[in-house]
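# Structural characterization, general
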Amino acid sequence: MIDLTKVLKGVTSGWVAISADYKKLVAKGRNFREINKKVEKLPSGSVVLMPVVKSFRNIVTVGE
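A brief structural summary. (Residues numbered from 1 in each chain as written. Predicted model: local features only at pLDDT ≥ 70, side-chain atom pairs only at ≥ 80, totals over all residues. Heavy atoms only, no water.)

Next up on the list: the side chain of S19. Relative to the assigned elements, S19 resides in strand β1 (residues 15-19). There is a polar contact of 3.3 Å between the side chain of S19 and the backbone nitrogen of K23. (Helix = DSSP H or I, 4+ residues; strand = E, 2+ residues; numbered from the N terminus. Polar contact = N/O pair within 3.5 Å; in protein donor to acceptor, adjacent residues only side chain to side chain.)

Given below as structure tokens:
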């Protein structure tokens, strides 16, 4: 199980890009379009994009 509490501390809304190892917040944006624009030049698979929700308990991501 991955605990995103520390990584996302202080982030309350929008979308985030988290490093593929889930250890670092790479970028944040108000919506998907904005966050996608911020990370589009990063190598494929280097970040995970996800919406900010009150609880990430039921979020499942799939790696490559």
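Let's pick the thread back up.
For residues that are not glycine, phi is negative in most cases, and the peptide bond is trans in most cases. Unusually for a residue other than glycine, Y22 sits at a positive phi of about 65 degrees. Y22 sits in the buried class, given a relative accessible area of 17%. (Buried < 20%, exposed > 50% of the residue type's maximum accessible area, 1.4 Å probe, protein only.)

This next bit is on the packing of aromatic side chains. Inspection of the entire model under this criterion finds one aromatic pair. A ring pair is formed by W15 and F32, whose centres lie 5.1 Å apart and whose planes are at 70 degrees; its orientation type is edge-to-face. Note that W15 is positioned in strand β1 and F32 in helix α1 (residues 32-39), a separation of 17 residues in sequence. The class for W15 is partly exposed, based on a relative accessible area of 25%. The class of F32 is partly exposed, set by a relative accessible area of 40%. (Phe/Tyr/Trp six-rings, centres within 6.5 Å; stacked < 30°, edge-to-face > 60°.)

Okay, the sheet that holds β1 next. Strand order in the open sheet made by the three strands is β2-β1-β3, with antiparallel pairing throughout. Each edge of the open sheet is held by one strand with a lone partner, namely β2 (25-29) and β3 (47-51). Neighbouring strand axes in the sheet, compared pairwise and without regard to direction, differ in orientation by 20 degrees on average. Here β1 runs beside β3; their pairing, made up of five bridges, is antiparallel. Across the sheet, residue A17 finds its bridge partner in β3, namely L49. Packed onto the sheet, α1 meets β1, β2 and β3 and runs at close to 140 degrees relative to β2. (Pairing = 2+ DSSP bridges. Axes fitted to C-alpha atoms, helices over the stretch in contact; angles between N-to-C directions. Contact = heavy atoms within 4.5 Å.)

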